[in-house]
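# Structure assessment
So the chains spell out like this:
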Amino acid sequence: MHFTWHFGLGRELGYAFWALTFFEGVFGAYIAVWPLWIERLGAPISVVGLVLGASGLIRPFVLGPGSLLLTTYDTRRILISARLLSIAGLILAAFASSWPLLLITVLTGAIGELVFPAIQTYVADNAGRDPVHAFTMVITIGPAVALIVTPLVSSLAIAAGGIPAALILAATLTAIGLIFVSRMEFSNGRTSTGVAERSSYRLALAHTGIRTLMIVHALTIGVLAVGSSLVSNFLEIERGFEPSLISLLSAGAAVGTVTFGLTVARHSGLRAAPITAAAIACALTATGYLLLATQTWLPLVAIALVLRGGLFSTWSLFLGALGSIAPAHLRARAFTIMEILGGSAISFGPVVASQLWEIDPRVPLVGSALCAAAMVVVLLTVRHRRELMAPSVPVTSRP
């Protein structure tokens, strides 16, 4: 079998595949030890949750106006500039001497996240007639492989140079991802005036299918984020694991994401029913949280972290569903709103988790699992709604 650098996706999707792979690698390089770094710089657990959640407050003020800029000015230049700021923030964090300085990193990181709705729209525009497959390959499998590899590399870096080494690694991976962004041809600036006039956040929210997806997406991700947020602190404080081991084990979530993503990619039934697939991924994640809360044997902890990867699979399946139903002229706004809501849900998860931690460190995990079970029922209830079963006219891939 002949393999190409774009894995048969085509040049346009290939650039997106590698850009998101490296950008998600940034996440894998430092996110497992990020709560530990905040704590090491003098913040108590309650403040750790607030710092982790701060990006949720910043995100709407960055992504909303930023998306408007992307449709007016050169998208590629804006994305590169935004990510260069995030590189500066990561380097600052590596050399920070107190936790308040990390708020600057949170701000620059939020600015750098402009790349995600822009690339998601780019993928939808080039996805052809099977957007769920395109999103599964580009937004799930490639990034998830990075989340397997980068924690392994990060654990070696941490063992050699401490947590700051993981932040420098993250900055390096960001720079590599920008090489692929620089080759992408975004269509935003070439949209016709008539279509541009009909595209707005109000119209995107008025679309019943888009609105339904956004609500269930935000609720599901928010519920799962509560259980995921302080896993690193739980493993260090309650289980006695070293930071390098925690970083290594965090790769398990990516193993779960890749496994589930490949299953979806190969199963036409799941590709045709992304909401059902998201419900399955949500249930698997809840099971992982219960294992983390109740088990101490290392192999079972590792399995639990593999199941935790269902969180990322759930997110990408919602994106694939959105790419299927959103009309072309509403996609940019729809993906931006979903990124704001989903990202804010992820960010507010630690705020809730840190308060529940005060009751008992296991409460965020158990509470999240129980609420996730309720969300599975909700997802299975809404999956047959007419507006989610009638996708928009597919966009033909560029030659």
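Residues numbered from 1 in each chain as written. Predicted model: local features only at pLDDT ≥ 70, side-chain atom pairs only at ≥ 80, totals over all residues. Heavy atoms only, no water.

Counting its secondary structure elements, the chain contains 21 helices and zero strands. Relative to its length of 399 residues, the chain is compact, with a C-alpha radius of gyration of 20 Å against a globular reference of 21 Å. Structurally, the chain occupies a C-alpha span of about 55 × 45 × 45 Å along its principal axes. Expressed as a percentage of its 399 residues, the buried residues of the chain come to 58%. Excluding contacts between residues fewer than 6 apart, the proportion of contacts in the chain whose partners are at least 24 apart in sequence is 85%. Looking at the chain as shown, the accessible area adds up to about 16,000 Å², and 68% of this sits on carbon and sulfur atoms. Considering the chain, the positive charge centre built from 23 side chains and the negative charge centre built from 16 side chains are found 10 Å apart. (Helix = DSSP H or I, 4+ residues; strand = E, 2+ residues; numbered from the N terminus. Rg over C-alpha atoms; globule rule 2.2 N^0.38 Å. Buried < 20%, exposed > 50% of the residue type's maximum accessible area, 1.4 Å probe, protein only. Contact = heavy atoms within 4.5 Å. Areas by Shrake-Rupley, 256 points an atom, 1.4 Å probe, with all protein chains shown as cover. Lys, Arg positive; Asp, Glu negative; His and termini not counted. Charge placed at Lys NZ, Arg CZ, Asp CG, Glu CD.)

The geometry of helix 14 (residues 251-266) relative to helix 18 (residues 310-325) is characterised by a closest axis approach of 8 Å and an angle of 40 degrees between their N-to-C directions. Taken as axis vectors, helix 14 and helix 18 run oblique relative to one another. Of the residues in helix 18, those touching helix 14 at A253, T257, F260 and V264 are F312, S313 and L317. Of the residues assigned to the contact of helix 14 with helix 18, the class counts are five nonpolar, two polar and no charged. (Axes fitted to C-alpha atoms, helices over the stretch in contact; angles between N-to-C directions. Parallel < 35°, antiparallel > 145°, perpendicular 65-115°, else oblique. Nonpolar A, V, L, I, M, F, W, Y, C, P; charged D, E, K, R; others polar.)

A few words on the nonpolar core. As a rule of thumb, soluble globular proteins bury nonpolar side chains together. W34, I119, V138, M184 and L235 are the most contacted members of the largest nonpolar core, which has 123 residues in total. The leading source of residues in this core is helix 1 (residues 11-30), at 11 residues. Apart from the residues within four sequence positions on either side, M184 is in contact with Y15, A16, A19, R76, I119 and Y122. (Core = buried A, V, L, I, M, F, W, Y, C linked by side-chain atoms within 4.5 Å.)

Another point: a nonpolar patch on the surface. A surface patch of nonpolar side chains, about 360 Å² in accessible area, is lined by V145, V149, L152, V153 and L248. For the nonpolar patch, the element with the highest residue contribution is helix 7 (residues 131-161), accounting for four residues. Structurally, V145 can be placed in helix 7. (Patch = residues over 30% accessible without salt bridge, like charges linked within 9 Å, V, L, I, M, F, W, Y side chains within 5 Å. Salt bridge = Lys/Arg side-chain N within 4 Å of Asp/Glu carboxyl O.)

Turning our attention to the confidence of the model for the chain. Looking at the chain as a whole, its pLDDT mean stands at 83, while 91% of the residues score no less than 70. Within the model, pLDDT remains below 50 along residues 189-197, and this stretch shows four contacts once partners closer than five positions in the same chain are excluded. Overall, residues 390-399 carries pLDDT values under 50, and its contacts beyond four positions in sequence, including any with other chains, amount to 28 contacts. (pLDDT = per-residue confidence, 0-100.)

The final tally for this structure, using the stated rule, is seven aromatic pairs. On the basis of an interplanar angle of 80 degrees and a centroid distance of 5.3 Å, the ring pair of F17 and W18 is categorised as edge-to-face. The exposure class of F17 is buried, given its relative accessible area of 7%. Owing to a relative accessible area of 24%, W18 belongs among the partly exposed residues under this scheme. With a centroid separation of 6.3 Å and an interplanar angle of 35 degrees, the aromatic rings of W18 and F22 are classed as tilted. (Phe/Tyr/Trp six-rings, centres within 6.5 Å; stacked < 30°, edge-to-face > 60°.)

Bringing the side chain of Q120 into the picture now. Tracing the sequence through the fold places Q120 in helix 6 (residues 115-125). Of the residues examined, Q120 reaches a relative accessible area of 5% and is grouped as buried. Of note is the side chain of Q120, whose polar atom sits 3.2 Å from the side chain of E339. Those residues in contact with Q120, other than ones at most four positions away along the chain, are F135, I139, L319, F335 and E339. (Polar contact = N/O pair within 3.5 Å; in protein donor to acceptor, adjacent residues only side chain to side chain.)

What follows deals with helix 1. With 20 residues, helix 1 extends 30 Å between its outermost C-alpha atoms, agreeing within 8% with the 28 Å of an ideal straight helix rising 1.5 Å per residue. Most of helix 1 sits out of view: 17 of its 20 residues are buried. (Expected span 1.5 Å × (residues − 1).)

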